[in-house]
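Fold and contact review
Spelled out from the first residue to the last, the chains are:
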Amino acid sequence: MSGFEIIVTIALAAIGTAATRYLPFIVFNSNKPTPKYLVYLGKALPPAVFGMLVVYCLKALSFTDVSGYLPELLAIALTVGVHLAFRRMLVSVAAGMAAYILLVNFIFI
Amino acid sequence: MKNNFYKRHLAAARAAFPLTVPVLAGYTFLGLSYGVLMASRGFSPLITMLASISIYGGSIQYALVGLLTGAFSPIETFILAFVIDARHIFYGISMLDKYKGMGLKKLYLIFAMTDETFSVNYIAEPPKEIDRGLFYTYISFFDHSYWVTFSTLGCLFGSLIPTDIKGFDFAMTALFVVILLEQLLEGVKNLPSVLIGVGGSALALLVFGGGDFLIPAMVLMLLLLAVFKKPIDSLHDRAEEEGRK
């Protein structure tokens, strides 16, 4: 690819990504009252989306060997436990990440 | 007047920063690895920086590395970006109300809505004295600057970065787990949605595999949310009534 083609390719990827982000705001113009079904989705969709994001992060889990899922499960359990105890996002994320790094680098090699 | 302007910005930035620390941890690792990959395919730091500023989306930028080394195919590039990032449509629907009335800042807030920035902005509420629009803008801007900075650094110093310690990207998983847990702690009203999100996505993952399960998962989630609208609605109504008491 030439330099020009590389720039055009990046620009088109940027436009495609931006389109997914702007689309709802363009379609559902905020000056009009929000349609009823969308009000429902606004409440019911976000918790489902966070469920989807967790599954998305875990899509590479494999159950053929303990090292393919146990570090993730243990680190998630710790994250949840720490969060229930302290309810501080930063602390919970730091604990989960630290546990996972230890597990995958030193225990489940 | 001018003094006041700086004060407002500084206060918003100070309130925003701590919330971006988990994203800083994740983007440091993900950004560096992306930069290293771009360098290994012969792309300059300038091109890497340009991609990170203008696209600002990890999954499509990774996919783009393959496209950029192949034949020029503009239409496929646009479609691929739209399909890979289709999940952002759900973020927009979730943020329609929250980003209302934020003027020009809204344009940037929507542009910068990655998985992580959407998630943090969705649950974050600024302290009363802080300008809401500025607060969300600073969270978005900090996240964006981490991504741009570390992907560029990764491309510049790729070979010097130790890659034998892995697992830093788990910051993102832990972040989403915490936010999902917060949804459950908010009340039983969110439980059906959480089950639909986790169950629907897991089912789609089993059927379609890791490569292309997101869009089937989104369709399945929308279907299930439509089927269970009545009970979910009544749970939300009851929670609202109790909140008023």
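Residues numbered from 1 in each chain as written. Chains lettered and ligands numbered in written order. Predicted model: local features only at pLDDT ≥ 70, side-chain atom pairs only at ≥ 80, totals over all residues. Heavy atoms only, no water.

Now for the overall build of chain B. The helix and strand tally for chain B stands at 13 helices and zero strands. The C-alpha atoms of chain B give a radius of gyration of 20 Å, which matches the 18 Å a tight globule of 245 residues would have. Seen through its principal axes, chain B has C-alpha atoms that stretch 60 × 60 × 35 Å. Taking all 245 residues of chain B together, 47% fall into the buried category. (Helix = DSSP H or I, 4+ residues; strand = E, 2+ residues; numbered from the N terminus. Rg over C-alpha atoms; globule rule 2.2 N^0.38 Å. Buried < 20%, exposed > 50% of the residue type's maximum accessible area, 1.4 Å probe, protein only.)

A few words now on the overall build of chain A. Of the regular secondary structure elements, chain A holds four helices and zero strands. Traced from its N-terminal end to its C-terminal end, chain A shows the element sequence α-α-α-α. For 109 residues, the compact-globule estimate of 2.2 N^0.38 gives 13 Å, and the C-alpha radius of gyration of chain A, at 21 Å, exceeds that figure by more than 25%. In terms of overall dimensions, chain A has a C-alpha envelope of 50 × 50 × 30 Å along the principal axes. By the burial criterion, 45% of the 109 residues in chain A qualify as buried. For chain A, the share of sequence-separated contacts (at least 6 apart) that also reach a separation of at least 24 residues comes to 35%. Surface accessibility of chain A: about 5,400 Å² in total, with carbon and sulfur atoms responsible for 71%. (Contact = heavy atoms within 4.5 Å. Areas by Shrake-Rupley, 256 points an atom, 1.4 Å probe, with all protein chains shown as cover.)

In this assembly, 63 residues from chain A lie in contact with 94 residues from chain B. Taken over both partners, the interface formed by chain A and chain B buries close to 7,100 Å², and the fraction arising from carbon and sulfur atoms is 79%. One can count one salt bridge joining chain A with chain B. As a salt-bridge pair, Arg87 of chain A and Glu182 of chain B come within 2.8 Å of each other at their nearest N and O atoms. Between chain A and chain B we count 12 residue pairs in polar contact (both at pLDDT 80 or more) in total. Every element with two or more residues in the side of chain A that touches chain B is listed here: helix H1 (3-27), helix H2 (36-57), helix H3 (70-86) and helix H4 (89-107) of chain A. The leading source of residues in the side of chain A that touches chain B is H2 of chain A, at 20 residues. Its residues assigned to classes, the side of chain A that touches chain B comprises 44 nonpolar, 13 polar and six charged. (Buried area = accessible area lost by both parts, 1.4 Å probe. Salt bridge = Lys/Arg side-chain N within 4 Å of Asp/Glu carboxyl O. Polar contact = N/O pair within 3.5 Å; in protein donor to acceptor, adjacent residues only side chain to side chain. Nonpolar A, V, L, I, M, F, W, Y, C, P; charged D, E, K, R; others polar.)

What follows deals with the environment of Ala51 of chain B. By the element assignment, Ala51 of chain B lies in helix H3 (residues 45-54). Judged by relative accessible area, Ala51 of chain B falls into the buried class, the value being 1%. In this structure the C-alpha to C-alpha distance between Ala51 of chain B and Phe118 of chain B, which are 67 residues apart in sequence, comes to 20 Å. Apart from residues no more than four positions distant in its own chain, Ala51 of chain B is found in contact with Ile10 of chain A together with Tyr34, Tyr56 and Gln61 of chain B.

Among the surface-exposed residues, Ile15 of chain A together with Ile75, Phe78, Ile79, Val83, Ile215, Val219 and Leu223 of chain B lie close enough to one another that they form a single nonpolar patch of about 700 Å² accessible area. For the nonpolar patch, the element with the most residues is helix H5 (residues 74-84) of chain B, which contributes four residues. Locating Ile215 of chain B in the fold gives a position in helix H12 (residues 214-227). Residue Ile215 of chain B is classed as partly exposed on the basis of its relative accessible area, which comes to 35%. (Patch = residues over 30% accessible without salt bridge, like charges linked within 9 Å, V, L, I, M, F, W, Y side chains within 5 Å.)

All right, on to the domain arrangement of chain B then. Residues and elements named next belong to chain B. Each assigned domain of chain B is listed here: domain 1 (2-185) and domain 2 (186-245). Relative to domain 2, the C-alpha centre of domain 1 lies at a distance of 25 Å. In this assembly, nine residues from domain 1 lie in contact with 11 residues from domain 2. Taking both sides of the interface into account, the surface hidden between domain 1 and domain 2 amounts to around 900 Å²; carbon and sulfur atoms contribute 74%. The interface formed by domain 1 and domain 2 includes zero salt bridges. Along the contact surface separating domain 1 from domain 2 lie six residue pairs in polar contact (both at pLDDT 80 or more). By residue number, the principal contributor to the side of domain 1 that touches domain 2 is helix H10 (residues 170-185), which donates five residues. (Domains from an automatic or database assignment.)

Let's shift gears to the side chain of Ser92 of chain A. Residues and elements named next belong to chain A. Residue placement: Ser92 occurs in helix H4. For Ser92, a relative accessible area of 0% puts it in the buried group. Side-chain polar atoms of Ser92 contact the side chain of His83, separated by 2.8 Å.

So, on to the confidence of the model for chain A. Taken over all residues, the pLDDT of chain A has a mean of 93, while the share at 70 or more is 99%. When pLDDT is averaged over each helix and strand of chain A, the minimum, 94, is found for H4 of chain A and the maximum, 98, for H3 of chain A. (pLDDT = per-residue confidence, 0-100.)

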